[in-house]
Amino acid sequence: MYNFEFSKPSNIADAVAALSSDEAQALGGGQTLLPTMKQRLAQTDMLVSLTGIGEMQGICVGDNGELCIGGATTHAAVAADGNYPGLASLAGRIGDPAVRNRGTIGGSLANNDPSACYPAAALASGATIKTNARDIAADDYFQGMFETALEEGEIITEVRFPIPEVSNYQKFVQPASRFALVGVFVAKFADDVRVAVTGASSDGVFRWAEAEAALSADFSKAAVDALAVPSGDMISDLHGTAEYRAHLAKVMTGRAVAAAC
Amino acid sequence: MPKDHGIGASSKRREDVRFLTGQGRYTDDINLQGQAYVHFLRSDVAHGMLKSVDTSAAAAMPGVVRIFTGADFEGVGGVPCGWQVTDKHGEPMQEPAHPVLAQGKVRYVGDAIAAVVAETKEQARNAAEAIELDIEELPAVVDMKAAVQEGATKVHDDLTSNLCYDWGFVEENKPAVDAAFEAATHVTTLELVNNRLSPNPMEPRVAVGDYNPGTDDSTLYTTSQNPHVIRLLMGAFVLGIPEHKLRVVAPDVGGGFGSKIFHYVEEAFCTFAAKACRRPVKWTSSRSEAFVTDAHGRDHVTKIELALDADNNFTGIRTDTYANMGAYLSTFAPSVPTWLHGTLMAGNYKTPNIYVNVKAVFTNTVPVDAYRGAGRPEATFQLERVIDKAARELGVDPIELRRQNFITEFPYATPVAVEYDTGDYEGTMTKLLEMIDRDGFEARREESARNGKLRGLGVNCYIEACGIAPSALVGQLGARAGLYESATVRVNATGGLVVMTGSHSHGQGHETSFAQVVADMIGIPEDQVEIVHGDTANTPMGMGTYGSRSIAVGGSAMVRATEKIIAKAKKIAAHLMEAAEGDVELKDGAFSVAGTDKSVAWGDVTLAAYVPHNYPLEEIEPGLEETAFYDPNNFTYPAGAYACEVEVDPDTGKVDICSFAAADDFGNVINPMIVEGQVHGGLAQGIGQALLENVSYDENGQLLSASYMDYTMPRADDVPNFQVDHSSQTPCTHNPLGVKGCGEAGAIGSPPSVVNAVVDALQRAGHTNVTHIDMPLTPTRVWAAMQG
Ligand SMILES: Cc1cc2nc3c(=O)[nH]c(=O)nc-3n(C[C@H](O)[C@H](O)[C@H](O)COP(=O)(O)OP(=O)(O)OC[C@H]3O[C@@H](n4cnc5c(N)ncnc54)[C@H](O)[C@@H]3O)c2cc1C
């Protein structure tokens, strides 16, 4: 690790100020950033920890029925919350207990790892990513592998999830890392169904429109049986070919629907 | 009644108290006054000309003590290879130089180019980043078959090609083998890969070099399985330090699996630099470095053919293997695909004609050497896979086909140069069948099918050669060392014992099982016996621990030394009891005279030895300390039968192991609990190889599986509850304990039954074109196989 300064502000305004310098970087749970720094693949002059900011902690149900999760809330806290079972179940399967007790939803969404779990939930739920500056719809937020709509120094302060009628996340793990080789989050709302696939595409998390249309008409596993995800944009690596990932996306979608029914 | 102490008792592992409470003392726990730290600058290209290494800016960085490059090692020896293989034309293998730091060329990602010694680790690393390299990249040699084509880029320019050797075994057998194939009624052919593995001991490698200018003594603290071997190789071949001026200490070591047998450049560097810098120099490998510097294992590509006659008797085996050596020859690398592999090609079966061809190949990859099982898993995997395939082709039961061909009479001289002293393959197979409820398989398969899963059963046998090894024999085979083992038993005045052994424990529990043996022989409590190992300064010259040799060879040395102690103690006791020596018996820690009530305690005799007031000084010396060296006269041959049941998810290709049973014959067993633990660990590694682990390079020689994000180590939930049994025992006929060794069996015996089970599951589900899937059987591969 290279040397750096460290600050731990107690409110969002101070954090934003601390992050205004070019070489400053936000620190959530450090589960991604710190290993990268230890390997000297990332370097920063100033780490600004967000975990001491009270207004970025905790979970509540808002007036409009949305689940509001502070940006610095840990995976473990989300896993323990009973309001949105599909999301809690997803959070409870991220990494191991140490990762869940440290890692944060804001850190995960800011990082937008193509194999991460939360992006699937956020996209399938139609969540709103609230930052210190604005509200960003999930549909506009994810912009490809490790790419998001966040500007330099912008902090995710809260994530708001509309709670679906039923939902399920199917995670087929990459055997080594146990991130999602392919993960599918299916969320059924009163008037539509949203399906988001993570781990599979070289463009990062995506919505599978064909399945959404089919499932909105008939929310059953059979509805996806006849569909196929094109393998053209899928990732191909040691752990799975593009064809395999495309196939898994369909299988996991079917399983998610079956489990949600 | 199970015994509660001594040989055969499941005594608790005494070393675990310190390991589990954080009191172990590992090499990284050793910090010497004034120590500096080294960081190695390693090549990030697989193959290139080293045009220049400019250290000037780096040398001026804070904390830098000194920077070394290949130039500092001109005139210093290279890291030697400990085994010379002679090829099928009678020529010695090609043996490239292996400098401590790269000279002229880099040959794999991870090859050490320069070493920065600095006050702190961070400073050393900072300065290493400031070294300017000019490397002209060359095409990387990665694929073995391409590497030996005419005109292929050479890894070593001074060798004639990338072929280390082309070995034929037994060359004289070849015509008879070819004739057997011509006469065969059926020939089964299988091409397969034995995947490359990263050893991944929990403790990464560490080396601390120390030099005493007052005495001109050098000391190396290192994570080694065999400190005497390191002292010999490094002292004599690399640094020119005589053994009496060099001490090598391998304290608590957190696992090795073979990877800590070898002499590595970092050990030589730290010892050299400590003298050059006049201060201790320490290196601690990071896990990332371990992936690119610890010798890898396996990496064979093989074609095997099995010939059968009209009655399904095996009549011939012919194999053609490419074995990856990596960029340099690691210490025992040449022996693994040859003498540790070809000699086991008979397996448990009486095949009269066997010919093994092995081409060892240099590539721009990490050196490959022995890894748990070393050669024997490769032999077992080929044989047990091809037999399963043959059974399927012939429409016969795979277990019956094995049984019908079992060797049943011992000693049995195989056509591949070894003689099995004893065994009972039918015995372990019968035991296995008792364990696995084969009759219930169909019902279990139907139950799986109801849950949408494909169930399969795989069985295999294995044999291994352990207790390595008779020195005279391995000398003929090219070993540049003897492979005896040693023990010194020092009895203290008050009766306690210290046993100093050349074997080394790095997780095996020697401190417990060795003490059981010695305590049992004398009849004293185990806690009266202390086992000392790992320091060349206080143990007799020994060859260390690998090849499941420690109890069979090291334990036998200990028995011999203890027998000498008992013989001398009897003389002293005879004197004390005024009896004839021949009438003295030792039982339960007391000497008595047959037919009388005369008795003298062990402690009285040991005290007399050191306080010789009433002592036959004219006949025997005072003191009670004996040394024995034991050189075995054959290998030992543990063997067994394993079975695995799997469920395959047809939608995803994921394999779940439902059950795994292992019936082993280890001969006599000293500590059943430790033996079971060794089998469990071996099975986990074997299942890891079969389903999960894979070192993968891209075509440019970049390591793709360079961290745990991509290299899949088995986790607890990847393996089932194991059923293990070692009640079939045919004691080894030629060592005093009748033991065979158990350390590698699990890793050797388990991969074929896993693959056999998966192929069985797919075949039963109608995927009749799937006759083989290469390891690891990851979901993506199994799914692809099912797509046709
Ligand atoms: C062993 C292991 C297993 C894992 N398994 C999984 C898994 O199965 N599924 C999965 O989804 N993830 C997994 N992860 C990743 C884990 O979820 C991380 O916690 C997460 O990706 C990053 O969150 P963090 O709070 O630790 O962020 P950090 O590591 O602190 O930061 C990551 C990035 O986000 C930025 N950042 C942090 N917080 C904010 C914020 N509030 N606003 C803006 N930017 C911010 C940082 O500047 C940095 O660039 C695993 C991690 C490990 C170590």
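Scoring rules and cut-offs
Every chain is numbered on its own, with residues counted from 1 as its sequence reads. All chains are assigned letters beginning with A, and all ligands numbers beginning with 1, in the order in which they are written. Since the coordinates come from a predicted model, pLDDT governs what is reported: local features require at least 70, and pairs of side-chain atoms require 80 or more to be given and counted, while whole-chain, interface and lining totals use all residues. Residues are treated as contacting if the C-beta atoms built from their backbones sit within 7 Å of each other. Note on conventions: DSSP H or I runs of at least 4 residues are helices, E runs of at least 2 residues are strands, and numbering of each starts at the N terminus. These domain limits were set by an automatic method or by a database of domain assignments. Interaxial angles span 0 to 180 degrees and are taken between N-to-C directions of axes, which are lines fitted to C-alpha atoms, for helices over the stretch in contact. Should an angle lie under 35 degrees it is considered roughly parallel, over 145 roughly antiparallel, and from 65 to 115 roughly perpendicular; all remaining angles are considered oblique. Each helix crossing is assigned a hand: it is left-handed if the near helix lies turned anticlockwise from the far helix by less than a right angle, otherwise right-handed if that turn is clockwise. We call Asp, Glu, Lys and Arg charged. Ala, Val, Leu, Ile, Met, Phe, Trp, Tyr, Cys and Pro are nonpolar, and the rest, Gly among them, are polar. Any residue whose C-beta atom, as placed from the backbone, lies within 6 Å of a molecule or strand is termed near it. Two strands qualify as a pair provided that DSSP identifies no fewer than 2 bridges between them. Note on terminology: a nonpolar core is any set of buried Ala, Val, Leu, Ile, Met, Phe, Trp, Tyr and Cys residues joined through C-beta atoms within 7 Å. Exposed residues have 12 or fewer other C-beta atoms within 10 Å of their own C-beta, buried residues have 20 or more, and residues in between are partly exposed; the C-beta atoms are placed from the backbone.

1. Notes on the interface of chain A and chain B
On the side of chain B, 16 residues touch chain A, which itself brings 12 residues to the contact. With three residues, helix 11 (residues 242-260) of chain A is the largest single contributor of residues to the side of chain A that touches chain B.

2. Remarks on the domain arrangement of chain A
Considered domain by domain, chain A is made up of domain 1 (1-47) and domain 2 (166-260). Averaged C-alpha coordinates put domain 1 of chain A and domain 2 of chain A at centres separated by 34 Å.

3. Here we look at the packing of helix 9 (residues 376-394) of chain B against helix 18 (residues 745-764) of chain B
What describes two packed helices is the angle between their axes and the distance between those same axes. Residues and elements named next belong to chain B. One can describe the packing of helix 9 onto helix 18 by two numbers: an axis separation of 8 Å at closest approach and a directional angle of 25 degrees. Taken as axis vectors, helix 9 and helix 18 run roughly parallel relative to one another. For the element pair helix 9 and helix 18, the recorded crossing hand is right-handed. Together, Arg-376, Pro-377, Thr-380, Phe-381, Glu-384, Arg-385, Asp-388 and Arg-392 of helix 9 and Ala-747, Ile-748, Gly-749, Pro-751, Pro-752, Val-755, Asn-756 and Gln-763 of helix 18 make up the contact between the two elements. Here the residues of the contact of helix 9 with helix 18 are counted per class, giving seven nonpolar, four polar and five charged.

4. Examining the site of the ligand
All names here are of chain A. In the vicinity of the ligand lie 31 residues, with Gly-28, Gly-29, Gly-103, Gly-106 and Gly-107 positioned nearest. Those elements giving two or more residues to the shell around the ligand turn out to be strand 2 (24-27), helix 5 (97-102) and helix 6 (105-111). Tallying contributions element by element places helix 6 first for the shell around the ligand, with five residues. For the shell around the ligand, a count of residues per class yields 14 nonpolar, 14 polar and three charged.

5. Notes on unusual backbone geometry
Residue and element names in this part refer to chain B. Of note, the bond from Phe-169 into Val-170 is cis; its omega dihedral lies within 30 degrees of zero at -5 degrees. Note on placement: Val-170 falls in the loop between strand 7 (163-169) and helix 5 (174-183). Ile-468 connects to Ala-469 through a cis peptide bond whose omega is -5 degrees. Of note, Ala-469 is situated in the loop between strand 18 (454-463) and helix 13 (471-476). Located in the positive-phi region is Ala-417, a residue other than glycine, with phi close to 75 degrees. Within the fold, Ala-417 resides in the loop between strand 16 (412-413) and strand 17 (419-420).

6. Observations concerning the sheet that holds strand 2 of chain A
All names here are of chain A. A sheet is described by the order of its strands in space; here three strands give the open sequence 1-3-2, paired in parallel fashion. A strand with exactly one partner marks an edge of an open sheet, and here the two such strands are strand 1 (5-7) and strand 2. Adjacent strand axes in the sheet meet at a mean angle of 25 degrees, parallel and antiparallel pairs treated alike. Where strand 2 lies against strand 3 (residues 46-49), four bridges are found, and the strand directions are parallel.

7. Thoughts on the environment of Gly-688 of chain B
Residue and element names in this part refer to chain B. Position of Gly-688 among the secondary structure elements: in helix 17 (residues 672-692). Put simply, Gly-688 and Asn-756 are 68 residues apart on the chain and 15 Å apart in space, counted from C-alpha to C-alpha. In this structure Gly-688 touches Glu-693, Met-713 and Pro-714, once residues within four positions along its chain are discounted.

8. Quick look at the sheet that holds strand 18 of chain B
All names here are of chain B. Pairing in this open sheet of four strands is mixed, and the strands run 18-26-27-28 from one edge to the other. The strands lining the two open edges of the sheet, one partner per strand, are strand 18 and strand 28 (722-725). Across the sheet, the axes of successive neighbouring strands diverge by a mean angle of 10 degrees, strand direction being ignored. Across four bridges, the pairing between strand 27 (residues 655-665) and strand 28 is parallel. Its bridge partner being in strand 28, Ala-663 is matched across the sheet by Asp-725.

9. What to know about the nonpolar core
In terms of nonpolar packing, the biggest core is built from 312 residues, with Ala-120 and Val-197 of chain A together with Val-38, Val-116, Val-518 and Val-758 of chain B touching the most fellow members. The leading source of residues in this core is helix 15 (residues 550-577) of chain B, at 12 residues.

10. Looking at the pairing of strand 22 (residues 584-587) of chain B
All names here are of chain B. Examined bridge by bridge, strand 22 and strand 23 (residues 590-593) share four bridges and lie antiparallel to one another. Counted as the bridge partner of Val-584 is Val-593 from strand 23. Here strand 22 folds back onto strand 23, and the loop between the two strands holds two residues, one of which, Asp-588, carries a positive phi near 50 degrees.

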